[in-house]
Amino acid sequence: MRVLGVDPGLTRCGVGVVDGVAGRPLSMVGVGVVRTPADTDIAERLVLVERGIEQWLDEFQPEFVAVERVFSQHNVRTVMGTAQASAVAMLCAARRGLPVALHTPSEVKAAVTGSGRADKAQVGAMVTRLLRLDAPPKPADAADALALAICHIWRAPATNRLQDAVAAHRRATAPHAAARSTGTRIPALRPGGTQKGTS
């Protein structure tokens, strides 16, 4: 699978594309940042982020987009800008019908380094090792975007199995749930597969 990881931000929005499947060696396809001037109006900056992400989607044609889930921080101004950039990334993906996954920073760190408390240097070092790069991607936002893509590739099989199990459970219980809501009695099946009360 090919995943575009997005580490959202207004000044620097990290983007990274990784190819691979769980259990196999991964390869980096592209990495970089979408930058916007800090002295520009917020609306214009969001347009610039959108254009940048659209260019990455056009060039690399990912199958999935993984975005860092934004959490509240003490600096409300910073988290607002991050959340807005995150929304732009999700919008760009959804407009193309691409599945979007949100991963928390702790999930990404744990997936890549084995510890949910790893610092940026540790994440960068593991991304470099996992993708067999000569040096850690700079700035850290770019390395974080690659880490998001790696996290999604590794977590996708388990997530898909869970979603399939939930969907199967819903399909199995749907007739009974519908019957309860309408008051209809569903005949029980005999061991031979015939309904009770039938010949």
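Residues numbered from 1 in each chain as written. Predicted model: local features only at pLDDT ≥ 70, side-chain atom pairs only at ≥ 80, totals over all residues. Heavy atoms only, no water.

## Describing the environment of Gly30
(1) Moving on: One can find Gly30 in strand β3 (residues 27-35).
(2) Moving on: When the C-alpha positions of Gly30 and Val15 are compared, they lie 8.2 Å apart, and in sequence the two are 15 residues distant.
(3) Moving on: Residues in contact with Gly30, not counting those within four places in the same chain, are Val15, Gly16, Val17, Trp56, Phe60 and Leu146. (Helix = DSSP H or I, 4+ residues; strand = E, 2+ residues; numbered from the N terminus. Contact = heavy atoms within 4.5 Å.)

## Some details on the side chain of Thr36
(1) Moving on: As for its position among the elements, Thr36 is in the loop between β3 and α1 (42-60).
(2) Moving on: When sequence neighbours within four positions are dropped, the list of residues in contact with Thr36 reads Leu10, Thr11, Arg45, Leu48 and Val49.

## Focus: the sheet that holds β3
(1) Moving on: Strands sit in the order β3-β2-β1-β4-β5 across an open sheet of five strands; the sheet is mixed. For this open sheet the edge positions go to β3 and β5 (100-103), each flanked by a neighbour on one side alone. Across this sheet, the average inter-strand angle for adjacent strands is 20 degrees, counted without regard to direction.
(2) Moving on: Of the strand pairs in this sheet, strand β1 (residues 2-7) and strand β2 (residues 12-19) are connected by six bridges, and their pairing is antiparallel. For Gly5, the partnering residue across the bridge sits in β2 and is Gly16.
(3) Moving on: Each of β1, β4 (64-68) and β5 is contacted by helix α2 (residues 76-95), which is oriented at about 170 degrees to β4, the strand it contacts most. (Pairing = 2+ DSSP bridges. Axes fitted to C-alpha atoms, helices over the stretch in contact; angles between N-to-C directions.)

## With respect to unusual backbone geometry
(1) Moving on: Cis peptide bonds are those with omega within 30 degrees of zero, and the linkage from Lys138 to Pro139 qualifies with -10 degrees.
(2) Moving on: Within the element layout of this structure, Pro139 appears in the loop between α4 (120-130) and α5 (140-182).
(3) Moving on: Positive phi, normally seen in glycine, also occurs at Gln61, with a value near 50 degrees.
(4) Moving on: With respect to the helices, strands and loops of the structure, Gln61 is situated in the loop between α1 and β4.
(5) Moving on: If you check the backbone angles, Arg132 has positive phi at about 55 degrees while not being a glycine.
(6) Moving on: You can see Arg132 is positioned in the loop between α4 and α5.

## Structural notes on the side chain of Ser86
(1) Moving on: Note that Ser86 resides in helix α2.
(2) Moving on: By relative accessible area, Ser86 is classed as buried at 4%.
(3) Moving on: Excluding residues within four positions of it along the chain, Ser86 makes contact with Pro8, Val67, Glu68 and Val70. (Buried < 20%, exposed > 50% of the residue type's maximum accessible area, 1.4 Å probe, protein only.)

## Quick notes on the environment of Gly124
(1) Moving on: Mapped onto the elements of the fold, Gly124 is located in helix α4.
(2) Moving on: The spacing of Gly124 and Pro137 is 13 residues in sequence and 7.1 Å in space, taken between C-alpha atoms.
(3) Moving on: Among all residues touching Gly124, those that are not within four sequence positions of it are Pro136 and Ala143.

## Describing the pattern of salt bridges
(1) Moving on: Going through the model one piece at a time under the given rule, you end up with eight salt bridges.
(2) Moving on: Linking Arg96 and Glu54 is a salt bridge whose minimum nitrogen-to-oxygen distance equals 2.5 Å. Residue Arg96 is located in the loop between α2 and β5, and its partner Glu54 is located in helix α1; the two are separated by 42 residues in the primary sequence.
(3) Moving on: We classify Arg96 as partly exposed; its relative accessible area is 34%.
(4) Moving on: The class for Glu54 is buried, based on a relative accessible area of 16%.
(5) Moving on: Beyond isolated ion pairs, a larger network of salt bridges with shared partners links Glu50, Glu54, Asp58, Arg95 and Arg96. (Salt bridge = Lys/Arg side-chain N within 4 Å of Asp/Glu carboxyl O.)

## As for α4
(1) Moving on: All buried positions along α4 are accounted for by Val123, Gly124, Val127 and Thr128. Along the long axis of α4, the arc covered by the buried residues comes to 135 degrees, so they all point the same way. Counted as exposed and oriented over 90 degrees from the buried face of α4: Ala121 and Arg129.
(2) Moving on: A side-chain oxygen of the first residue of α4 lies 3.2 Å from the backbone nitrogen of Ala121; this N-cap is Asp119.
(3) Moving on: Backbone geometry just after α4 places Arg132 at a positive phi near 55 degrees. (Arc of directions from axis to C-beta. Polar contact = N/O pair within 3.5 Å; in protein donor to acceptor, adjacent residues only side chain to side chain.)

Purely spatial values, then, with no claim about function.
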